[in-house]
Amino acid sequence: MRPRLLRARRPLSMALGLSLLTVLAACSKPEPQPEPIRAVRTQKVSAESATAQQEYAGEIKARTETRLSFRVGGKLMSRSVNLGDEVKAGQVIAQLDPSDLKLGQDAAAAGLRAAQANWDQTSADLKRYQELHGQGFIGGAELERRETALKAAQATLDQARVQTSAQGNQTQYTRLVADAAGVVTGVDAEPGTVVGAGTPIIRLALAGPRDVVFNVPEDRVASVRALLKQSGALQVRLWGATGEPVRATLREIAAAADPTTRTFAAKADLAASDVRLGQTATVAFDLVKRDAVTRLPLAAVVEQGGKSVVWLLDAATMTVKPQPVQIAGADGNLVLVGGGVQPGQEVVTAGVHVLTAGMKVKRYVEPVRPAASR
């Protein structure tokens, strides 16, 4: 009977083992699905000639802008112009309280009268002493003293005249007069303020030539400086204006960079006279024409490790790899590539943000749109 029991248990243990394997197989992780092959747009590289263009934001300013101020200090009594007013040459702009300076002028005039009276008296005394010396009543030393006294009186009189004239000028300086015609672009002092000599009262943009002022980064200074004095080398598009751009000539560029922005200020002469001060403009100019450059969309170029990179497609294996390139400039929405790629190579122009080296890809195929039914 014992052998039969053993034979009966063997099939039961095998059934339990198969059940356990089934449970373990059900609990194991499923195999990951293969990543789908991404579709990318590509473009064949072709070498051609191109002229890159640079653009900068600018502002219209007067060629000469001055800060007008009084030569003397005092209390500002009135100001006859405001922001945006047009000023004519010789027009009175502001007035100081002249009371103290008039008192000084009166004192100088009194000093002049005293010096004149002293000179008259000394001159009359000298004539009398000359007569006495001719009659032998006084010696030569006494006559010399009288002549010296007259010279001193003459010097005092000359000094008084100069002081009177200077004091009169000081009184005239209480009126601030425009030296030339222009437009008020800023007001720095209000009536009632006590100002010192040289304190700016208004800012005046003088009438005459207008400049477009823009800032150039350090790496572009050499190319911009090469355009100095070239007539009409710059194209200026005024904001909101229609029609053709205005031609301008680069007049000067700063020798040192601005300590804050690290850019160099450039000024270009505008031949147009109908521009408004403070108007926004775009300054553009063409760089030197370059051969063997490639135009690519902006989306085709990415930044990796501080370098500009494009993705090349290997048609044999349908894989991609990064390729560093040299950027030669921009042409609208296109990038000019001056080196790093060869004619005939295929560059990925869309979908570059998800690519990795060696990734399998496929070319994007435009869907066929059904014909419109009539």
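To be clear, the structure that these remarks concern was listed above.
So, here's what we can say about the structure.

What counts, and at which threshold
- Residues numbered from 1 in each chain as written.
- Predicted model: local features only at pLDDT ≥ 70, side-chain atom pairs only at ≥ 80, totals over all residues.
- Heavy atoms only, no water.
- Salt bridge = Lys/Arg side-chain N within 4 Å of Asp/Glu carboxyl O.
- Helix = DSSP H or I, 4+ residues; strand = E, 2+ residues; numbered from the N terminus.
- Buried < 20%, exposed > 50% of the residue type's maximum accessible area, 1.4 Å probe, protein only.
- Pairing = 2+ DSSP bridges.
- Axes fitted to C-alpha atoms, helices over the stretch in contact; angles between N-to-C directions.
- Parallel < 35°, antiparallel > 145°, perpendicular 65-115°, else oblique.
- Left-handed = near helix turned anticlockwise from the far one by under 90°.
- Nonpolar A, V, L, I, M, F, W, Y, C, P; charged D, E, K, R; others polar.
- Phe/Tyr/Trp six-rings, centres within 6.5 Å; stacked < 30°, edge-to-face > 60°.
- Core = buried A, V, L, I, M, F, W, Y, C linked by side-chain atoms within 4.5 Å.
- Contact = heavy atoms within 4.5 Å.
- Polar contact = N/O pair within 3.5 Å; in protein donor to acceptor, adjacent residues only side chain to side chain.

The next thing to look at is the pattern of salt bridges. Applying the stated rule across the entire model yields 14 salt bridges. In this structure, the salt-bridge partner of Glu 142 is Arg 145, at a minimum N-O distance of 1.9 Å. Residue Glu 142 and its partner Arg 145 are located together in helix H3 (residues 140–172), separated by three residues, close to a single helical turn. Among the ionic pairs, Asp 188 bridges to Arg 203, the shortest N-O distance being 2.7 Å. Here Arg 203 lies in strand S11 (residues 200–206) and Asp 188 lies in the loop between strand S9 (182–187) and strand S10 (194–195), a separation of 15 residues in the sequence. Under the relative-accessibility criterion, Asp 188 is labelled partly exposed at 34%. Shared partners join several salt bridges into a network, and the residues in it are Arg 63, Asp 211, Arg 251, Glu 252, Lys 267 and Asp 269.

Moving on to the sheet that holds strand S6 (residues 86–87). Strand order across the open sheet formed by four strands is S4-S11-S9-S6, with antiparallel pairing between neighbours. Two strands close off the open sheet at either side, each with one partner strand: strand S4 (65–69) and S6. As judged from the two bridges shared by S6 and S9, these two strands associate in the antiparallel manner. Counted as the bridge partner of Val 87 is Gly 182 from S9.

Moving on, we come to the packing of helix H2 (residues 99–134) against H3. The N-to-C vectors of H2 and H3 enclose an angle of 160°; their axes lie 8 Å apart at closest approach. The orientation of H2 with respect to H3, classified from their angle, is roughly antiparallel. Note on packing geometry: the crossing formed by H2 with H3 is left-handed. Per-class residue counts for the contact of H2 with H3 are 14 nonpolar, 18 polar and five charged.

Counted under the stated rule, the structure contains two aromatic pairs. Measuring from centroid to centroid gives 5.9 Å for Tyr 56 and Phe 214, while their planes differ by 20°, and the two rings are stacked. With Tyr 56 in strand S3 (residues 53–62) and Phe 214 in strand S12 (residues 210–217), the pair connects residues that are 158 residues apart, well separated along the chain. Considered together, Tyr 56 and Phe 214 belong to a single accessibility category, that of buried residues. Ring centres 6.1 Å apart and planes at 20° place the aromatic pair Tyr 56 and Phe 285 in the stacked group. Taken together, the residues Tyr 56 in strand S3 and Phe 285 in strand S16 (residues 280–286) connect sequence positions 229 residues apart. With relative accessibility at 1%, the residue Phe 285 sits in the buried group. Site record: aromatic cluster; members linked through ring pairs are Tyr 56, Phe 214 and Phe 285.

Taken in spatial order, the four strands make up an open sheet running S8-S7-S5-S10, and their pairing is antiparallel. Two strands close off the open sheet at either side, each with one partner strand: strand S8 (175–177) and S10.

Two elements, strand S1 (residues 38–44) and strand S24 (residues 361–363), share three bridges in a ladder whose sense is parallel. For Arg 38, the partnering residue across the bridge sits in S24 and is Val 361.

This part is about the nonpolar core. The biggest cluster of nonpolar side chains holds 24 residues, and the ones touching the most others in it are Val 212, Phe 214, Leu 234 and Val 236. Contributing elements (two or more residues each) for this core: S3, S12, helix H4 (221–225), strand S13 (234–238), strand S14 (246–253), strand S15 (263–270) and S16. Per-element accounting of this core gives the leading share, four residues, to S15. In this structure Val 212 touches Gly 58, Glu 59, Ile 60, Val 236, Ala 266, Lys 267, Ala 268, Leu 270, Ala 281 and Val 283, once residues within four positions along its chain are discounted. Val 81, Leu 96, Val 195 and Ile 201 belong to the second largest nonpolar core, which has 18 residues in total.

Mapping Gly 140 onto the fold places it in helix H3. Expressed as a C-alpha distance, the spacing of Gly 140 and Gln 130, which sit ten residues apart in the sequence, is 9.5 Å.

This paragraph deals with unusual backbone geometry. If you check the backbone angles, Arg 262 has positive phi at about 60° while not being a glycine. Structurally, Arg 262 can be placed in the loop between S14 and S15. In the Ramachandran plot, Met 318 falls in the positive-phi region, its phi being about 55° despite a non-glycine side chain.

One can find Thr 294 in strand S17 (residues 290–297). For Thr 294, a relative accessible area of 5% translates into the label buried. In terms of polar contacts, Thr 294 uses its side chain to reach the backbone carbonyl oxygen of Ser 46, at 3.5 Å.

Next up on the list: the pairing of S12. In terms of burial, S12 is a largely internal element, six of the eight residues being buried. Where S12 and S15 come together, eight bridges link them in antiparallel fashion. Each residue of the ladder has a partner; that of Phe 214, found in S15, is Ala 266.

Moving on, we get to the side chain of Asp 211. Counting through the fold element by element, Asp 211 comes out in strand S12. Relative accessible area serves as the criterion here: at 1%, Asp 211 is assigned to the buried category. Reaching out from Asp 211, the side chain makes a polar contact with the side chain of Arg 251 at a distance of 2.4 Å. Ignoring anything within four residues of it in the chain, the contact list for Asp 211 reads Glu 59, Ile 60, Lys 61, Arg 63, Arg 251, Lys 267, Ala 268, Asp 269 and Leu 270.

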